[in-house]
Amino acid sequence: MAGEVEKRNAAIAAMEFVEDGMTLGLGTGSTAKHFVELLADEVADGLIVRGVPTSAQTQRLAEAHGIPLLPVEQVQQIHLTVDGADEADGQGQLIKGGGAALLREKIIANASDHMVVIADPSKHVETLGVFPLPVEVTQFGFTITAKKVFDALKGSDVARPNVGLRQGNDGQPIITDGGNYILDCKCAVIPDAGATARALANVPGVVEHGLFIGLARTVIIGSQDGASIFEY
Ligand code: 5RP
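The rules behind the values
- Every chain is numbered independently, its residues counted from 1 as its sequence is written.
- Reporting in this predicted model follows two pLDDT cut-offs: at least 70 for local features of residues, and 80 or more for side-chain atom pairs to be given and counted; totals over whole chains, interfaces and linings ignore these cut-offs and use all residues.
- With hydrogens and water stripped out, all remaining heavy atoms of the structure feed into the side-chain values.
- Whether a residue is near a molecule or strand is decided by its heavy atoms; if any one of them lies within 4 Å of it, the residue is near.
- By the criterion applied in these results, polar contacts are pairs of N or O atoms within 3.5 Å in which, for protein atoms, one can donate a hydrogen and the other can accept it, and in which residues neighboring in sequence qualify only through two side-chain atoms.
- Accessible surface is estimated by sampling points in the Shrake-Rupley manner with a 1.4 Å probe; for residues, cover comes only from the protein chains shown.
- Throughout, the ten residues Ala, Val, Leu, Ile, Met, Phe, Trp, Tyr, Cys and Pro are labelled nonpolar, Asp, Glu, Lys and Arg are labelled charged, and all others, Gly among them, are labelled polar.
- When the centres of two rings from Phe, Tyr and Trp lie within 6.5 Å, Trp using its six-membered ring, the rings pair. Their planes under 30 degrees apart give stacked, over 60 give edge-to-face, and anything left gives tilted.
- A helix here means a DSSP run of H or I that spans at least four residues, while a strand means a run of E at least two residues long, and both kinds are numbered starting from the N terminus.
- A simple rule labels every residue: compare its accessible area, found with a 1.4 Å probe on the protein chains alone, to the largest value its type can have, and call it buried under 20%, exposed over 50%, or partly exposed in between.
- Whether a charge lies above a ring is judged from NZ of Lys or CZ of Arg, which has to be within 6 Å of the ring centre and within 35 degrees of the ring normal.
- In this description, strands pair whenever DSSP reports at least two bridges between them.
- In what follows, a contact means two residues having at least one pair of non-hydrogen atoms within 4.5 Å.

Engineer: Looking at this structure, I do not really get the site of the ligand. What am I missing?
Structural biologist: As a structural note, the neighbourhood of the ligand is formed by 17 residues, with Ser30, Thr31, Asp86, Gly97 and Lys123 the closest of them. In the environment of the ligand, an oxygen atom lies 2.6 Å from a nitrogen or oxygen atom belonging to the side chain of Thr31. Considered on its own, the ligand offers 380 Å² of accessible surface; in the complex 90% of this is hidden by protein. In terms of residue class, the shell around the ligand is made up of four nonpolar, eight polar and five charged.

Engineer: I would appreciate a short explanation of the packing of aromatic side chains in the present structure.
Structural biologist: How two aromatic rings sit relative to each other is set out by the distance from centre to centre and by the angle between their planes. Under the counting rule described, the total for this entry stands at one aromatic pair. With 5.0 Å between their ring centres and 85° between their planes, Phe142 and Tyr181 make a pair best called edge-to-face. Of the two residues, Phe142 is situated in helix H5 (residues 142–155) and Tyr181 in strand S9 (residues 181–186); the sequence distance between them amounts to 39 residues. Relative accessible area serves as the criterion here: at 24%, Phe142 is assigned to the partly exposed category. Exposure remark for Tyr181: the relative accessible area of 11% places this residue in the buried category. Across from the ring centre of Phe212, 5.7 Å away, lies the NZ or CZ of Lys96, which sits over that ring. The cationic tip of Lys106 hangs over the ring face of Phe212; the distance from NZ or CZ to the ring centre is 5.1 Å.

Engineer: Looking at this structure, how should I read the sheet that holds strand S4 (residues 87–88)?
Structural biologist: Within a sheet, each strand pairs with its neighbour through backbone hydrogen bonds, oriented either parallel or antiparallel. Strand order across the open sheet formed by three strands is S4-S5-S11, with antiparallel pairing between neighbours. Bordering the open sheet on either side are S4 and strand S11 (211–212), each of which pairs with just one other strand. Pairing between S4 and strand S5 (residues 94–95): two bridges, direction antiparallel. Along S5, the bridge assignment pairs Glu87 with Ile95.

Engineer: Teacher, can you tell me more about the pairing of strand S7 (residues 133–137) here?
Structural biologist: It is a general feature of regular strands that their side chains alternate between the two faces of the sheet. Of all five residues in S7, five are buried; the element is thus mostly enclosed. Here S7 shows two buried faces, one formed by Leu133, Val135 and Val137 and the other by Pro134 and Glu136. Where S7 meets S9, five bridges bridge the pair, whose relative direction is antiparallel. Counterpart to Glu136 in the pairing with S9 is Ile182. As defined by bridge partners, S7 adjoins strand S10 (residues 206–209) across three bridges and the pair is classed as antiparallel. Paired with Glu136 across the two strands is Glu208, which belongs to S10.

Engineer: What is the right way to look at the environment of Ile67 in this model?
Structural biologist: Tracing the sequence through the fold places Ile67 in the loop between helix H3 (56–64) and strand S3 (80–83). With 164 residues separating them in the primary sequence, Ile67 and Glu231 have C-alpha atoms 28 Å apart. Contacts of Ile67, omitting those with residues within four sequence positions, involve Leu26, Val36, Leu39, Ala40 and Ala62.

By themselves these figures say nothing about function.
Here you go:
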């Protein structure tokens with residue numbers, strides 16, 4: 001698959017942030033999968049960590065690889081979270097949720113002492129918005145919420161938003177781990193991510209949106225032969 005070497009190299013660089021005894025937020029997606037696999041190798045070699053998965057998918061992956069997990073209700077402190085992203089800009093602002101796990105990902109990232117994002121170079125952008133912004137909404141009233149989400153995007157200077165319900169190959173709405181729907185919002189450019197985040201957070205029916213602002217302290221962009229590390 002395209003970008004796998006870059007993803008793997010980003011994950012290898014992220015392993016440098018892991019210390020014995022840590023509680024680790026485990027991200028979701030194909031890049032985070034590399035990190036989980038590398039972590040599993042270290043655990044097999046004696047590293048003591050406990051993982052807090054950000055999705056049912058990652059929980060299954062971590063369990064299959066023998067990584068000890070901590071139920072989220074028992075978490076006292078998350079020292080480090082390593083997760084992927086759909087876009088990361090030059091200020092460490094992110095779009096996440098391509099894998100529909102944005103709610104749990106944001107709860108875990110926000111509860112972490114340190115969030116490290118790992119990505120291949122295609123995710124590193126000047127301005128957020130080419131990747132459609134995922135917005136998790138309640139099933140109840142989702143058509144009304146979609147109109148309000150459109151208004152919120154317009155009101156925060158997204159020029160021509162296009163809001164659509166995420167559906168699977170069977171034409172049915174995708175249901176998140178939390179039992180909600182996802183609206184994918186084509187924006188092309190999000191000129192002021194902070195303003196858009198605030199506007200979306202004010203819409204009743206919006207459970208969470210995929211703009212991660214002020215959460216990532218480190219962004220690691222993998223390359224063919226290594227990785228570049230950006231600190232914020
Ligand atoms: C899941 C996410 C993922 O981190 C994001 O979609 C990136 O995934 P991948 O590493 O497969 O490109 O936010 O909700």
